[in-house]
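# What the coordinates show
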Amino acid sequence: MTTDTTTKDTAPGAPAPGTTILDARGVTMRFGGLTAVNGVDLTVNSGEIVGLIGPNGAGKTTFFNCLTGLYIPTEGEVRYKGQVLPAKSFKVTAAGVARTFQNIRLFANMTVLENVLVGRHTRTKEGFWSAVLRGPGFHRAEKASRERALELLEFVGLAPKADHLARNLPYGEQRKLEIARALASEPGLLLLDEPTAGMNPQETRATEELVFAIRDQGIAVLVIEHDMRFIFNLCDRVAVLVQGEKLVEGDSATVQGDERVVAAYLGEPLADDPGAAEAAEVEAAEAAQAEAARADTTTDTAAGKENDR
Ligand SMILES: Nc1ncnc2c1ncn2[C@@H]1O[C@H](COP(=O)(O)OP(=O)(O)OP(=O)(O)O)[C@@H](O)[C@H]1O
Ligand SMILES: [Mg+2]
């Protein structure tokens, strides 16, 4: 955190820093005999960037789905600014909680600008279909929405590509576009599910700056990532999920130093680790796979993990 993007000035109208805006209590999600999330409590305060980390299959995305109305938790309650969140994702967005997806979900054959305009439908009188069909109501609301959408594209660095088809953007830019689309609903809390997956180090660094800038606009952020450098640079607080349960929560130093987290997730970096060469090979294979995925990332039909919807 070396730049002035880390300042915590609160945007006008945003809740005072430190006020709890998201309050998830005892969230449990069972799928038949499998308990994917087990009694998880998590708060996010205004002005905060909170990280959610944990091994593959730990229940992170499932937890996001419980927060955003995609799943109705088997047990527990989620409040946003004191109100229990409705069990419908568009109502959650309207309440002020927006998200991006682990598997990108853009409208591949719409332009970049149109994708952001779709994201505005909860904030305009005109609904989703009006935006898609471009009826008379849409045209009335269009000007203000276009201006805001262009402003957001400027903010994420995609303004020059406003007229490009979403499918033609490189992978990293598609992730940025998803963020712009989420911001278009004017959220108070933004949930990001692996925003840097498949990005190169420069893109990851730029995304870090973008998340700081979002926070500086008064939007709290809850972010899932496997890139630990990204998480520990960025987050005020980090919660670790392992096998559906919250193992540890604290600031970066606390989490990095916790033996249980090291054992369950981070692992000990050993210079003479006999598995290091093998791990490097796996990493290289994964990078190649991510590169291949970039080629055909389209996105409104993205077939992904079973719960990534
Ligand atoms: N709809 C579903 N039906 C059945 N099981 C599911 C469903 N969604 C998720 N699961 C299971 O719940 C567990 C948690 O999955 P989840 O995708 O939430 O993990 P994650 O922490 O996001 O992992 P990753 O880091 O790989 O994205 C996994 O065992 C997964 O197979
Ligand atoms: Mg996930």
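Thresholds, definitions, all that
- Residues numbered from 1 in each chain as written.
- Chains lettered and ligands numbered in written order.
- Predicted model: local features only at pLDDT ≥ 70, side-chain atom pairs only at ≥ 80, totals over all residues.
- Core = buried A, V, L, I, M, F, W, Y, C linked by C-beta atoms within 7 Å.
- Buried ≥ 20, exposed ≤ 12 C-beta atoms within 10 Å, placed from the backbone.
- Contact = placed C-beta atoms within 7 Å.
- pLDDT = per-residue confidence, 0-100.
- Helix = DSSP H or I, 4+ residues; strand = E, 2+ residues; numbered from the N terminus.
- Pairing = 2+ DSSP bridges.
- Right-handed = clockwise from strand over helix to strand, strands pointing away.
- Axes fitted to C-alpha atoms, helices over the stretch in contact; angles between N-to-C directions.
- Left-handed = near helix turned anticlockwise from the far one by under 90°.
- Nonpolar A, V, L, I, M, F, W, Y, C, P; charged D, E, K, R; others polar.
- Expected span 1.5 Å × (residues − 1).

## Some points on the nonpolar core
Core analysis: the biggest nonpolar cluster contains 72 residues, and V97, V116, L153, A180, L189, L190 and V221 have the highest contact counts within it. Among residues more than four places away in sequence, those in contact with L189 are I21, L22, V44, Y80, G96, V97, I219, A220 and L222.

## Observations regarding the confidence of the model for the chain
Considering every residue of the chain, the mean pLDDT works out to 84; 77% of them sit at 70 or more. The low-confidence segment residues 1-10, where pLDDT is below 50, has 15 contacts with residues more than four positions distant or belonging to other chains.

## Quick word on the pairing of strand β7 (residues 189-193)
Among the 5 residues in β7, 5 count as buried, and that is most of the element. Across the two faces of β7 the burial is the same, with L189, L191 and D193 and L190 and L192 all buried. Where strand β6 (residues 97-99) meets β7, 3 bridges bridge the pair, whose relative direction is parallel. Note on β7: the bridge partner recorded for R99 is L191. Relative to strand β8 (residues 220-224), β7 is paired through 5 bridges, and the arrangement is parallel. Paired with L190 across the strands is V221, a residue of β8. For the segment spanning β7, helix α7 (residues 201-216) and β8, crossover handedness is right-handed.

## Thoughts on the packing of helix α3 (residues 112-119) against helix α6 (residues 171-183)
Packing of α3 against α6 leaves a shortest axis separation of 7 Å and a crossing angle of 35°. As for how α3 packs across α6, the hand of that crossing is right-handed. Residues V112, N115, V116, V118 and G119 of α3 form the contact with α6, whose participating residues are L177, A180, R181 and A182. In the contact of α3 with α6, the residues fall into 6 nonpolar, 2 polar and 1 charged.

## Thoughts on the pairing of β8
Burial analysis of β8 places 5 of its 5 residues in the buried class, the great majority of the element. In the sheet, strand β3 (residues 49-53) pairs with β8 via 4 bridges, with the strands oriented parallel. The residue bridging G51 from the neighbouring strand is V223, located in β8.

## Digging into α7
The first and last C-alpha atoms of α7 sit 23 Å apart over 16 residues, in line with the 22 Å expected at 1.5 Å per residue. Listing the buried residues of α7 in full gives T207, E208, L210, V211, F212, I214 and R215. Downstream of α7 by one or two residues, G218 has phi in the positive range, about 95°.

## Comments concerning the sheet that holds β6
Strand order in this open sheet of 6 strands is β6-β7-β8-β3-β9-β10, and the pairing throughout is mixed. Of all the strands in the sheet, just β6 and β10 (245-250) have a single pairing partner and so form its edges. Between one strand and the next, the sheet's axes are offset by a mean angle of 20°, whatever the strand orientation. Pairing between β3 and strand β9 (residues 237-242): 4 bridges, direction parallel.

## Overview of the environment of E249
Structurally, the position occupied by E249 is in strand β10. Residue class for E249 comes out partly exposed when judged on the 19 C-beta atoms lying within 10 Å of it. Residues E249 and V238, spaced 11 residues apart in sequence, show a C-alpha to C-alpha distance of 5.6 Å. With residues near it in sequence (within four places) discarded, E249 still touches R237 and A239.

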